[in-house]
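Chain residues, written in single-letter form:
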Amino acid sequence: MKKLNQWIDRFAYSHPRFGIPNLMLYIVIANAVTYILTLFAGSAALSFLKFDLYHVLHGEVWRLVTFVLLPFTYRPISLFIMLSFCYFVGGTLEREWGTAKFTLYYLSGMLFSVLSTVILSLATGYYGWSLSDAYYINLTMFLAFAVMYPDAQVWFYGVIPLKAKWLAWADIALMAWNIARSVRYGAYASALAAVVAILNFVIFFWEDIKSILGIQSRQRSRQTIQFKSAVRQQKKAETERGYRHKCEVCGRTDADHPELEFRYCSKCQGYHCFCSDHIFNHQHFTK
């Protein structure tokens, strides 16, 4: 799992142009458009966008992607609140990770959601099980946000202020209860599908999950410990500045140059940020 994490980071650093900038903006707009269409044509008219194994096996391969364009609720106020929240969470993750890694995370969520439905179909022999929204993808996206910003204040339905970590634990508890209920009533395929659907979060945050569960690696370098400590200090200092990232070489910030991408070098001792022009072209910091 650790090697897979490292491969993901290397790929994102080596392919900074990979992915779709502002991906969540396009998905949110698509959800809003499909909702408006359902007001005139009804939700059944857009059933050709849902994913199910039967139609994919009969050549309708676009369903592998288009299911994320469908709204996950048809209540206008709830949809507006949830789409606004998804845009905020997705945009925050993209700014923190960069377009390449965030796109990988979202695509991974799509892949495992599709895989969960395929498992369910094959296990039951019924190929009509469908994916009609991006529920699990949005869930894992929020879990990622909660791990990175556990103390961020989130307005639950725009009314109740709660910390992100408490909402995340509530989501996990609800999901665990649904899985336990599925197992109790013999719906093992449904339980397995739910577990498979969140594997992308487990893969991307395996080290954080081990830390939360108290599973510590026996071999942790001193540099790694210093790096993680510096990460916490840096995030605390971000609220006191007018920018999030600043290049250690040229001094440019994400506030002054939003077109640039910024990365942190894990080979430097401490928490040092560099723009895309200098991430591979700088002298490593040592103490």
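Structure first, text after, so check above.
Each value, and the rule that gives it
- Residues numbered from 1 in each chain as written.
- Predicted model: local features only at pLDDT ≥ 70, side-chain atom pairs only at ≥ 80, totals over all residues.
- Heavy atoms only, no water.
- Phe/Tyr/Trp six-rings, centres within 6.5 Å; stacked < 30°, edge-to-face > 60°.
- Buried < 20%, exposed > 50% of the residue type's maximum accessible area, 1.4 Å probe, protein only.
- Salt bridge = Lys/Arg side-chain N within 4 Å of Asp/Glu carboxyl O.
- Helix = DSSP H or I, 4+ residues; strand = E, 2+ residues; numbered from the N terminus.
- 1 Å grid on protein atoms, 1.4 Å probe; cavity = no way out; pocket = protein on both sides within 12 Å on 5 of 7 lines; lining within 4 Å.
- Points joined across faces, edges and corners; volume = space filled by probe spheres on them.
- Nonpolar A, V, L, I, M, F, W, Y, C, P; charged D, E, K, R; others polar.
- Disulfide = S-S within 2.5 Å.
- Patch = residues over 30% accessible without salt bridge, like charges linked within 9 Å, V, L, I, M, F, W, Y side chains within 5 Å.
- Areas by Shrake-Rupley, 256 points an atom, 1.4 Å probe, with all protein chains shown as cover.

Observations concerning the packing of aromatic side chains
- In the structure shown here, the tally under the stated rule is 17 aromatic pairs.
- Seen in terms of ring centroids, tyrosine 135 and tyrosine 136 are 5.1 Å apart; in terms of plane orientation they differ by 70°. Their pairing is edge-to-face.
- The partly exposed category is assigned to tyrosine 136, whose relative accessible area is 24%.
- Among the aromatic residues, ring-to-ring pairing joins Phe85, Phe88, Phe142, Phe145 and Tyr149 into one connected group.

Comments concerning the pattern of salt bridges
- In this structure the tally under the stated criterion is 6 salt bridges.
- A salt bridge links arginine 63 to glutamate 60, with the nearest nitrogen and oxygen atoms 2.6 Å apart.
- Salt-bridge contacts for aspartate 277 lead to arginine 252; the nearest nitrogen and oxygen are separated by 2.8 Å. Residue aspartate 277 is located in the segment after β6 (273-275), and its partner arginine 252 is located in the loop between α12 (222-238) and β5 (262-264); the two are separated by 25 residues in the primary sequence.
- Residue aspartate 277 is classed as partly exposed on the basis of its relative accessible area, which comes to 44%.
- Each of Asp52, Glu60 and Arg63 takes part in a single network of salt bridges with overlapping partners.

Some words on empty space enclosed by the protein
- Inspection of every chain in the model, using the stated rule, returns 1 cavity of 30 Å³ or more.
- Roughly 50 Å³ of volume is contained in the largest cavity.
- Lining of the largest cavity is provided by Met24, Ile27, Val28, Asn31, Val68, Phe72, Leu83, Cys86, Tyr106, Ala134 and Asn138.
- It is helix α2 (residues 23-41) that contributes the most residues to the lining of the largest cavity, 4 residues altogether.
- Class assignment of the residues belonging to the lining of the largest cavity gives a composition of 9 nonpolar, 2 polar and no charged.

With respect to the state of the cysteines
- Within this structure, the stated rule accounts for 0 disulfides.
- Lacking any disulfide linkage, cysteine 265 is separated from the closest cysteine sulfur, that of cysteine 268, by 3.7 Å.
- No disulfide involves cysteine 275; its nearest neighbouring cysteine sulfur is the one of cysteine 247, lying 3.7 Å away.

Here we look at the environment of cysteine 268
- Mapping cysteine 268 onto the fold places it in the loop between β5 and β6.
- Here cysteine 268 falls in the buried class, since its relative accessible area comes to 0%.
- As for cysteine 268 and threonine 286, which are separated by 18 residues in sequence, their C-alpha atoms are 6.3 Å apart.

Here's the deal with a nonpolar patch on the surface
- There is a patch of nonpolar side chains on the surface, built from Ile20, Leu25, Tyr26, Ile29, Val33, Leu37 and Tyr87 and spanning about 630 Å² of accessible area.
- Looking at the nonpolar patch element by element, the count peaks at 5 residues for α2.
- Tracing the backbone shows isoleucine 29 in helix α2.

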